[in-house]
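Okay, here's what each chain looks like letter by letter:
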Amino acid sequence: MDMETGNRSGAVADPVGLIIRQKDPNNLEMPFDQLGDFITPSELFYIRSHFPTPKLDPVACRLSIRGAVHRELRLSYAEIRAMPARTCVATLECAGNGRVFMVPPAPGAQWELGAVGNAEWTGVSLAMLLERAGLADDVCELVLEGADRGVPKEEPKPPGTISYARSISRARAMQDDVLIAWQMNGQDLTPDHGYPMRAIVPGHYGMASVKWLTDIVASTQPFHGYWQTSDYGYWDDSSGVPVRRPLAEMKLKSQIARPRVYETLQPGRPYTIFGAAWAGDTDATEIWISLDGGESWVQGDFLDPINRHAWRRWKYDWITPAKPGRYTLLARATGADQRVQPDRHDPNFGSYVIDHPLPIEVFVAALSQPG
Ligand code: MTE
């Protein structure tokens, strides 16, 4: 869909590139004010990697499915590509997206709004592979492991180097939409996005979608690896006792793409505020905008239909105030389950899950005096 939003064309003809949050390994985010089409072009899709991108030979590499299975599988890239493929659109958001808005500042990559994107993924359904391997009755989780290795940053650190590994529940793994993907937006994955193969777990924060996937291990025990305890974990409450749990589904969230922070707008003019909303465990069904820092809210319109696990772009046609000054814009989505985004960040999520309405401060200029 092409549209006039933010007082210029919504479709980006010449993508302007990504913002560096870390050079090596590559951690790059999309300038979110470049939001245009429903599908984020691959060149504008954020990259979040903990370790250097491994160089995998698609001829030599194998995907092994092992652990508590009846038949171990070692599949080549060619074999996987020859299997019946599925395509789905899914939004990936890094759990730390928006961290730069946290007060006081939180450690970790200082993501603004652009560690999120919406792509079309093609691959084979994980459930089909698991059916071929035959899961033992007592399997509860599937551990997905990538080829990348290194020493992680956050304490407590494990001894030596480790791989990137995350687990998902058996129930989630057996749903058809979890993919072992080899294409993104109709092209083979790029090295930074997981070439030759990666997992896509629609609806979960990006950390679940393991890149450079080499091993799937069926486990009869809950997996307590580094990336779901030390990192990408949160504090839950179990009968008054704090317990550590892995992050999973993305929370309902909306973001303003245009105007951008500290943009100067002309007074008393039409301006289309433009953004996107998404959720992992519900659908965004309403979008509300505040033009006065949260004092009052007006309803915006969605531009995309509900498409589970894909974002919905939205707009609000605003007449900018006649009075010059500083204004704080906010967006807040409501879900199909009638829940709304929370007013503030929940400290139990540490420096993750920044799902409260993020303030976009803009300036309205004074009318320039003739002569
Ligand atoms: N998979 C591996 N093997 N190594 C990683 O560092 N990062 C995860 C996930 N999969 C990661 C990984 C995180 S935190 C996110 S948000 C997504 O990949 C980002 O996917 P992208 O770089 O394709 O946008």
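Procedures and definitions
Counting restarts for each chain: residues are numbered from 1 in the order of the written sequence. Only residues with pLDDT of at least 70 get local features here, since the model is predicted, and only at 80 or more are side-chain atom pairs given and counted; chain-wide, interface and lining totals rely on the full set of residues. Side-chain calculation: all heavy atoms of the structure are included, whereas hydrogens and water are not. When DSSP finds two or more bridges between a pair of strands, those strands are recorded as paired. A run of DSSP states H or I qualifies as a helix once it reaches four residues; a run of E qualifies as a strand once it reaches two. Both are numbered from the N-terminal end. Here the nonpolar core consists of buried residues drawn from Ala, Val, Leu, Ile, Met, Phe, Trp, Tyr and Cys, with membership extended through side-chain atoms lying within 4.5 Å. The classification of residues rests on relative accessible area computed with a 1.4 Å probe and restricted to protein chains. Under 20% of the type maximum is buried, over 50% is exposed, and intermediate values are partly exposed. Contacts were defined at the residue level, with two residues in contact if any of their heavy atoms lie within 4.5 Å. Any residue with a heavy atom positioned within 4 Å of a molecule or strand is treated as near that molecule or strand. Any pair of N or O atoms that falls within 3.5 Å is considered a polar contact. Within protein, one atom must be able to donate a hydrogen and the other to accept it, and sequence-neighbouring residues count only if both atoms are side-chain atoms. What sets the accessible areas is the Shrake-Rupley method with a 1.4 Å probe; for residues, cover comes only from the shown protein chains. Three classes are used, and their members are as follows: Ala, Val, Leu, Ile, Met, Phe, Trp, Tyr, Cys and Pro are nonpolar, Asp, Glu, Lys and Arg are charged, and the others, Gly among them, are polar. All axes are obtained by fitting lines to C-alpha atoms, using only the stretch in contact for helices, and the reported angles, taken between N-to-C directions, cover 0 to 180 degrees.

Spatially, 4 strands are ordered 18-20-24-23 in an open sheet, and the strand pairing comes out antiparallel. Each edge of the sheet is formed by a strand with only one pairing partner; in this case those strands are strand 18 (253–258) and strand 23 (301–302). Alignment of strand 23 against strand 24 (residues 312–319), held across 2 bridges, turns out to be antiparallel. Looking across to strand 24, one finds that D301 is bridged to K315.

Residues F32, L129, I180, I216, L247, I273 and W314 are the most contacted members of the largest nonpolar core, which totals 89 residues. If one sorts the elements of this core by residue count, strand 20 (residues 270–278) sits on top with 6 residues. The residues touching I216, leaving out its near neighbours within four places in the chain, are L63, S64, I65, R66, L126, L130, L142, V143, L144 and I180. Core analysis: the next-biggest nonpolar cluster, separate from the first, contains 16 residues, L92, A119, A181 and I200 among them.

Taken together, 18 residues lie around the ligand, and Y46, D148, H193, R198 and K211 are the ones closest in. Taking Y46, its main chain carries an N or O atom lying 2.7 Å from an oxygen atom of the ligand. One of the side-chain N or O atoms of R198 is found 2.7 Å from an oxygen atom in the ligand. In the complex, 100% of the free accessible area of the ligand, which totals 540 Å², lies under the protein chains. Of the residues in the shell around the ligand, the class split is 9 nonpolar, 5 polar and 4 charged.

Moving on, we get to the sheet that holds strand 6 (residues 62–67). Across the sheet, 5 strands lie side by side as 7-6-15-10-11; this open sheet has mixed pairing. Across the chains shown, the open sheet's two edge strands, defined by having one partner strand only, are strand 7 (73–76) and strand 11 (162–169). Averaged over all pairs of adjacent strands, the angle between strand axes in this sheet comes to 20°, irrespective of strand direction. Where strand 10 (residues 141–150) lies against strand 11, 7 bridges are found, and the strand directions are antiparallel. From the neighbouring strand, E145 faces strand 11, where its bridge partner is A165.

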